[in-house]
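Per-entry structural report
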Amino acid sequence: MRTPRPLPPHLADVPFDRSALRLTGMTEGRLKRRDVSRPFRGVQVTSTPATIHEACRAYAVRLRPGQAFSHATAALLHGLPLPARMEAVSPVHVCAVRPHMPPRAAGAVGHRLSITPLVQTLEGLPVCVASEAWCQLGDELTLDEAIVVADHLLEHAPLDEAAARAVLGGRIRGTRRIGAANLLAALEEARGGARSPGETRVRLLLTRAGVPAPELNAPVTDSLGEVLGHADLVWRSAGLVLEYEGDGHRIDRDQFRYDIERYERFRDAGWEVIRVTADDLFGARRAALIERVRRRLRARGVL
């Protein structure tokens, strides 16, 4: 089989449609060669999209006026911590506001909205803002999954927590939403300060079991007030900290060494350190973790 004629440089690394190809003088027969794939009808690329950003850049060739990326796709583009079942690259979710029509195409899920959502341009793509994407998923997320995302939004908002919480509440109530009750319940339990889903899950497990609410990602100091570092969960009056260690803490050698040195500084200053992994959040280990924290707090006169 003959080597296909090279595509023009301006089409080699970007998604394009048939009209773009015709402008180069090439025939549509060129699209049938094996170096061109079609992730969506009418869209051609030279490499199959492997990430959500690549999939959206490809689908953007098909976007019509009044359409924007929404729901799980928008959440992923914003880097929101969604559950694994919602992290698929395909299909992409696209919304349109009446009277515009949402897409009906393989590889895309269309959503027709009655009220115009707040949309921003993200890496050249029209995307519903992060808080709107969270609200759009109110009926798809469990309560705890919604809290994980809300914690993330509160922590990364360019506002103080009270103002960010008010924005989220206003977004929920701004229109009739399926799942609004779930979102409001999640916002009630959400707190700024958590920097990973694991930290949120640990906090929820403990506080729901009656453990006093800790400070989140708070400074740990010595007797002179010098900051020794920050810890994920801090019970200051008990001199107790809890650190949630995700896989990154073990894989990253620099992070691993830093953690060891930081824990030594904490202990030298009289703080007690509890280290927790994802395994502690499941099965019989859940109850063991709750009891371990309670026992340490009782020993230090807090419970």
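We now turn to the structure provided with this report. The shown structure was predicted, so the numbers you read here are calculated from the model rather than taken from an experiment.

Each value, and the rule that gives it
In every chain, residue numbers begin from 1 and rise along the written sequence. Per-residue local features of the predicted model are confined to residues with pLDDT of at least 70, and side-chain atom pairs are confined, for both listing and counting, to 80 or more; whole-chain, interface and lining totals are unaffected and use all residues. Excluded from the side-chain calculations are hydrogens and water; all other atoms, namely the structure's heavy atoms, are used. A helix here means a DSSP run of H or I that spans at least four residues, while a strand means a run of E at least two residues long, and both kinds are numbered starting from the N terminus. By definition in these notes, contact holds between two residues if any of their heavy atoms fall within 4.5 Å. When two rings of Phe, Tyr or Trp (its six-membered ring) have centres within 6.5 Å they constitute a pair, described as stacked for plane angles under 30 degrees, edge-to-face for angles over 60, and tilted for the intermediate range. Here the axes come from fitting lines to C-alpha atoms, over the contacting stretch only for helices, and the angles between their N-to-C directions go from 0 to 180 degrees. Small angles under 35 degrees read as roughly parallel and large ones over 145 as roughly antiparallel, with 65 to 115 read as roughly perpendicular and the rest as oblique. In a left-handed crossing the near helix is turned counterclockwise from the far helix by less than a right angle, and in a right-handed crossing that turn is clockwise. Side-chain classes are defined by residue name, with Ala, Val, Leu, Ile, Met, Phe, Trp, Tyr, Cys and Pro counting as nonpolar, Asp, Glu, Lys and Arg as charged, and the others, Gly among them, as polar. Strands were regarded as paired on the criterion that DSSP finds at least two bridges between them.

A tally of helices and strands in the protein chain yields twelve helices and eleven strands. When contacts within the protein chain are restricted to residue pairs at least 6 apart in sequence, those whose partners lie at least 24 apart make up 54%.

With that settled, the discussion passes to the packing of aromatic side chains. All chains considered together, the criterion is met by two aromatic pairs. Considering the side-chain rings of phenylalanine 40 and tyrosine 59, the 5.0 Å spacing of their centres and the 85° angle between planes classify their relative orientation as edge-to-face. In this pair, phenylalanine 40 sits in strand E1 (residues 37-40) while tyrosine 59 sits in helix H3 (residues 52-59), placing the two residues 19 residues apart along the sequence.

It is worth spelling out the packing of helix H7 (residues 161-173) against helix H8 (residues 180-189) at this point. Contact pair H7 / H8: the axes reach a minimum separation of 10 Å and the direction vectors enclose 170°. Considering the angle they form, H7 stands roughly antiparallel to H8. Along the contact surface, H7 presents Arg165, Leu168, Gly169, Ile172 and Arg173, while H8 presents Ala180, Leu183, Leu184, Leu187 and Glu188.

Here we come to the packing of helix H6 (residues 143-156) against helix H9 (residues 197-208). Two quantities define a packed helix pair, namely the angle between the axes and the distance from one axis to the other. For the pair H6 and H9, interaxial distance at closest approach is 9 Å and the crossing angle is 120°. Classified by the angle between their axes, H6 and H9 sit oblique to one another. Every pair of crossing elements has a handedness; the one defined by H6 and H9 is right-handed. Between H6 and H9, the residues in contact are Leu143, Asp144, Ile147, Val148 and Asp151 and Pro197, Thr200, Arg201, Arg203, Leu204 and Arg208, respectively. A per-class count over the contact of H6 with H9 returns five nonpolar, one polar and five charged.

Let us now look at the sheet that holds strand E9 (residues 227-235). Read across the open sheet, the four strands follow the order E8-E9-E10-E11; overall the sheet is mixed. For this open sheet the edge positions go to strand E8 (215-221) and strand E11 (272-276), each flanked by a neighbour on one side alone. For this sheet, the mean inter-axis angle between neighbouring strands, taken without regard to orientation, is 45°. Pairing of E9 with strand E10 (residues 240-244), which is carried by three bridges, proceeds in the antiparallel orientation. Each bridged residue has a counterpart across the sheet, and for tryptophan 235 the counterpart in E10 is leucine 240.

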